[in-house]
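Residue-level listing of the chains:
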Amino acid sequence: MELKDTTIVITGGASGIGAAMARRFAAEGPANLVLADRDIDGARTVTDEVALQVSGQCVPRQLDVGREGANEALVGDVEGNVGPIDLFVANAGIATGTSEQGDDVTWDLIWDINTMAHVRAARALVPLWLERGGGYLLTTASAAGLLTNLGDAPYSVTKAASVAFAEWISITYGDRGIGVSCLCPQGVRTPRLCPPDEDGSTAVLAADVVRSMNIIEPEVVADAVAEGLADERFLILPHPEVARYAANK
Ligand code: NAD
């Protein structure tokens, strides 16, 4: 798909991969760009930064994507006040660092954010896109959704479910004009993976598995996404070796 003159929504756009995608997409000259995040100040910082490259509205919105009704409200708000959504990027996500021993509150929370947010966004978008004859959904899953994430069972399960959901939407509606891409990176140097330490620098988290990864910059992910969207490729793998790992599995 072409990003020029489109209306784009990115959840989790205040930081990391979402912010990098916002900067990369802004360079293509979209008509409108909406960055939705629970961190409204972070989202506003990024929209302020790229506003000049966006011909229409470049605005932040505050929401918790894990809350029932939030994605539907966001879609309604953007459609009513900004413009018809061409590309919706369901990117916000969390990790838990727990196992099967994690309690139900933890499992429910990550399920709502990493998986159900995608379902709820699609629930609002698909009828509009079918009526208009087109639209594009990009979901940020993870290589963990194709492989696993040692040390985080809820993350592995909810990302696998988000890959499955993206596949289902693509297969079900692809011939009716709805495009889908599913982004599955491995380690990316963002605050989620590498939180700022006390002196303000970033430090890679202790887990050996994380340290052993090929950790790439969010800008590299954003470039891979722009290329994947231009090709309308379903699976976007900024770490190409993940394709081999998945085949080996
Ligand atoms: P990040 O923490 O830098 O950014 C995530 C953003 O999402 C933040 O701005 C945060 O405020 C927002 N967010 C979190 N929960 C939210 C909620 N309930 N409602 C609204 N906004 C919310 O993290 P990131 O690494 O950029 O992660 C972005 C996506 O990429 C996530 O889905 C993550 O699982 C996925 N991912 C990250 C990596 C990695 O190594 N960083 C690897 C694979 C996949």
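These remarks concern the structure in this document. (Residues numbered from 1 in each chain as written. Predicted model: local features only at pLDDT ≥ 70, side-chain atom pairs only at ≥ 80, totals over all residues. Heavy atoms only, no water.)

As for the pattern of salt bridges
Opposite charge on two side chains allows them to pair when their charged atoms are near.
Then, number 1: By the definition in use, this model includes 11 salt bridges.
Then, number 2: Of the charged contacts, one joins arginine 189 and glutamate 217 as a salt bridge, the two residues approaching to 2.9 Å between their closest N and O atoms. Highlighted residues: arginine 189 in the loop between β6 (178-183) and α6 (208-211) and glutamate 217 in the loop between α6 and α7 (218-231), separated in sequence by 28 residues.
Then, number 3: The exposure class assigned to arginine 189 is partly exposed, which follows from its relative accessible area of 31%.
Then, number 4: Among the ionic contacts, a cluster of salt bridges with common partners joins Arg24, Glu28 and Asp223. (Salt bridge = Lys/Arg side-chain N within 4 Å of Asp/Glu carboxyl O. Helix = DSSP H or I, 4+ residues; strand = E, 2+ residues; numbered from the N terminus. Buried < 20%, exposed > 50% of the residue type's maximum accessible area, 1.4 Å probe, protein only.)

Description of the pairing of strand β1 (residues 7-11)
Then, number 1: Of all 5 residues in β1, 5 are buried, a share of seventy percent or more.
Then, number 2: The alternating pattern of β1 places Thr7, Val9 and Thr11 and Ile8 and Ile10 on opposite faces, both of which are buried.
Then, number 3: Of the pairings in the sheet, the one linking β1 to strand β2 (residues 32-37) comprises 5 bridges and is parallel in character. Each residue of the ladder has a partner; that of threonine 7, found in β2, is asparagine 32.
Then, number 4: Each parallel crossover has a hand, and the one from β1 via helix α1 (residues 16-26) to β2 is right-handed.
Then, number 5: As paired elements, β1 and strand β4 (residues 87-90) share 3 bridges and run parallel to each other. When the bridges of β4 are listed, isoleucine 10 appears paired with valine 89. (Pairing = 2+ DSSP bridges. Right-handed = clockwise from strand over helix to strand, strands pointing away.)

Here's the deal with the sheet that holds β1
Then, number 1: Ordered in space as β3-β2-β1-β4-β5-β6-β7, the 7 strands form an open sheet in which the pairing is parallel. The open sheet has two edge strands with one neighbour each: β3 (58-62) and β7 (235-236).
Then, number 2: By the bridge criterion, 6 bridges tie strand β5 (residues 135-140) to β6 in an arrangement that is parallel. Note on β6: the bridge partner recorded for glycine 135 is isoleucine 178.
Then, number 3: In the packing of helix α3 (residues 70-81) onto the sheet, the strands contacted are β1, β2, β3 and β4, and the crossing angle to β1 comes to about 155°. (Contact = heavy atoms within 4.5 Å. Axes fitted to C-alpha atoms, helices over the stretch in contact; angles between N-to-C directions.)

Examining the side chain of asparagine 32
Then, number 1: With respect to the helices and strands, asparagine 32 occurs in strand β2.
Then, number 2: Assessed through its relative accessible area of 9%, asparagine 32 is described here as buried.
Then, number 3: In terms of polar contacts, asparagine 32 uses its side chain to reach the backbone amide nitrogen of glutamine 57, at 2.7 Å.
Then, number 4: Other than its neighbours up to four places away in sequence, asparagine 32 contacts Thr6, Thr7, Ile8, Val54, Gly56, Gln57, Val82 and Gly83. (Polar contact = N/O pair within 3.5 Å; in protein donor to acceptor, adjacent residues only side chain to side chain.)

Digging into unusual backbone geometry
Then, number 1: One non-glycine residue, aspartate 5, lies in the positive phi region at around 65°.
Then, number 2: Its location among the elements puts aspartate 5 in the segment before β1.
Then, number 3: Unusually for a residue other than glycine, glutamate 232 sits at a positive phi of about 50°.
Then, number 4: If you trace the backbone, glutamate 232 turns up in the loop between α7 and β7.
Then, number 5: Exposure remark for glutamate 232: the relative accessible area of 49% places this residue in the partly exposed category.

Quick notes on the packing of aromatic side chains
Then, number 1: Counted according to the given criterion, the structure contains 1 aromatic pair.
Then, number 2: Relative to tyrosine 173, the ring of tryptophan 168 lies with its centre 6.1 Å away and its plane at 80°, an arrangement referred to as edge-to-face.
Then, number 3: Residue tryptophan 168 is classed as partly exposed on the basis of its relative accessible area of 48%. (Phe/Tyr/Trp six-rings, centres within 6.5 Å; stacked < 30°, edge-to-face > 60°.)

Comments concerning the nonpolar core
Then, number 1: Counting 43 residues, the largest nonpolar core has Ile85, Phe88 and Ile169 as the members making the most contacts within it.
Then, number 2: When residues of this core are traced back to their parent elements, those giving at least two are β2, α3, β4, α4 (104-132), α5 (153-173) and β6.
Then, number 3: The element that contributes the greatest number of residues to this core is α4, accounting for 11 residues.
Then, number 4: Grouped together as the second largest cluster of nonpolar side chains are 32 residues, Ile8, Ala22, Val50 and Val188 included. (Core = buried A, V, L, I, M, F, W, Y, C linked by side-chain atoms within 4.5 Å.)

Comments concerning α5
Then, number 1: In a regular helix each residue adds 1.5 Å, so 21 residues correspond to 30 Å; α5 covers 30 Å between its end C-alpha atoms and thus fits that length.
Then, number 2: For α5, the set of buried residues is Pro154, Tyr155, Ser156, Thr158, Lys159, Ser162, Val163, Phe165, Ala166, Ile169 and Tyr173.
Then, number 3: Contacts made by the buried residues of α5 are with α4, β5 and β6.
Then, number 4: Residue aspartate 152 occupies the N-cap position of α5, its side-chain oxygen lying 3.0 Å from the main-chain nitrogen of tyrosine 155. (Expected span 1.5 Å × (residues − 1).)

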